[in-house]
Amino acid sequence: MSVVEAYLGAAGQGVALLEAPEVATAWEQPSALAKMTVGGLAGHLAYQILSVSSALQVGANSALQEAPAQEVPIPLLEHYARAAWIDTPLDGEVNAGIRAKGEGIASQGSLWLAELARTSFVEQRTKLAECAGDQPVFMPQTGWALRLDDFLVTRMLELAVHMDDLAVSVGLAVQELPEEAFDLVLVLLARLAARRHGQAALLRALARLERAPAAINAI
């Protein structure tokens, strides 16, 4: 299965969760994430799908947003090494901005957001079929480019994490990702965890309970 197919499987689950009546009912309530409502968390989850439409320029003549000539796609792990939100405090400017953006996306309500996510997802199924995995995707919010396949892996990681957050927030069972999407997310998280804590810590956490470290978080 291709990265595109894996992404579409995860994104389809994200859309279905956004459409769940339990999400609409709890819209104004606090979510499982500190300082974020259920609606704001739903907005942040939806953004992971909407950002793909922005990268693809759905409705435009060109299939992909072209990176500036000087921008060569960077490796996936380098993307996370540069990410401004990693290790920033909850009340810091970056995280406050992420929360505000999620709330802003959700400001027109649950039905509107779910419909927008569904429409974007349907359009992406056509557009992504026309694209090559090594095509560059420039991200104005970061100032650098990734290969399309790598960009979609970043979206799958975000979808996996925030579908769990949203399901827990509204009392729904967490649906397992399609196996292909989960494999890609798992490999990325393992690499990030090993880079942060070292290979030995990761191996011990997975295979040696008696020597397992207290934390093995990837991000």
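Going by the structure above, here's the rest.
Overview of the overall build of the protein
Looking only at helices and strands, one finds nine helices and two strands in the protein. Counting helices and strands in the order they occur from the N terminus, the protein gives α-α-α-α-α-α-β-β-α-α-α. For the protein, the C-alpha radius of gyration of 18 Å lies close to 17 Å, the compact-globule estimate for 219 residues. Counting only C-alpha atoms and orienting by the principal axes, one finds that the protein spans roughly 55 × 45 × 35 Å. Burial statistics for the protein: of 219 residues in total, 45% are counted as buried. Of the roughly 11,200 Å² that the protein leaves accessible, carbon and sulfur atoms contribute 55%. Each charge class in the protein was averaged separately, 15 positive and 25 negative side chains, and the resulting centres sit 8 Å apart.

Examining the pattern of salt bridges
Applying the stated rule across the entire model yields four salt bridges. Where Arg82 meets Glu78, a salt bridge forms, and the shortest distance between an N and an O atom there is 3.0 Å. Of this pair, Arg82 and Glu78 both sit in helix α4 (residues 76-82), four residues apart, which is roughly one turn of that helix. We classify Glu78 as partly exposed; its relative accessible area is 33%.

Points about the packing of helix α3 (residues 38-56) against helix α5 (residues 93-105)
Axis separation between α3 and α5 bottoms out at 7 Å; the angle between their running directions is 90°. Judged by the angle between their axes, α3 and α5 are roughly perpendicular. Residues Gly39, Gly40, Gly43, His44, Tyr47 and Leu50 of α3 form the contact with α5, whose own contacting residues are Ile98, Lys101, Gly102, Glu103 and Ile105. Of the residues contributing to the contact of α3 with α5, the split by class is four nonpolar, five polar and two charged.

Observations concerning the packing of helix α1 (residues 3-18) against helix α6 (residues 110-127)
At a minimum axis distance of 9 Å, the contact between α1 and α6 shows a crossing angle of 160°. As the angle between them shows, α1 and α6 are arranged roughly antiparallel. Of the two elements, α1 crosses α6, and the hand of that crossing is left-handed. Where α1 abuts α6, its residues Tyr7, Leu8, Ala11, Gly12, Val15, Ala16 and Leu18 lie against Leu113, Ala114, Ala117, Arg118, Phe121, Gln124 and Arg125.

So, the packing of aromatic side chains
What the rule picks out here adds up to zero aromatic pairs. One residue, Arg82, lies across the ring of Trp144, its end atom 5.2 Å from the ring centre.

Conventions we followed
- Residues numbered from 1 in each chain as written.
- Predicted model: local features only at pLDDT ≥ 70, side-chain atom pairs only at ≥ 80, totals over all residues.
- Heavy atoms only, no water.
- Helix = DSSP H or I, 4+ residues; strand = E, 2+ residues; numbered from the N terminus.
- Rg over C-alpha atoms; globule rule 2.2 N^0.38 Å.
- Buried < 20%, exposed > 50% of the residue type's maximum accessible area, 1.4 Å probe, protein only.
- Areas by Shrake-Rupley, 256 points an atom, 1.4 Å probe, with all protein chains shown as cover.
- Lys, Arg positive; Asp, Glu negative; His and termini not counted.
- Charge placed at Lys NZ, Arg CZ, Asp CG, Glu CD.
- Salt bridge = Lys/Arg side-chain N within 4 Å of Asp/Glu carboxyl O.
- Axes fitted to C-alpha atoms, helices over the stretch in contact; angles between N-to-C directions.
- Parallel < 35°, antiparallel > 145°, perpendicular 65-115°, else oblique.
- Contact = heavy atoms within 4.5 Å.
- Nonpolar A, V, L, I, M, F, W, Y, C, P; charged D, E, K, R; others polar.
- Left-handed = near helix turned anticlockwise from the far one by under 90°.
- Phe/Tyr/Trp six-rings, centres within 6.5 Å; stacked < 30°, edge-to-face > 60°.
- Lys NZ or Arg CZ within 6 Å of the ring centre and 35° of its normal.

This is a description of form; function is not addressed.
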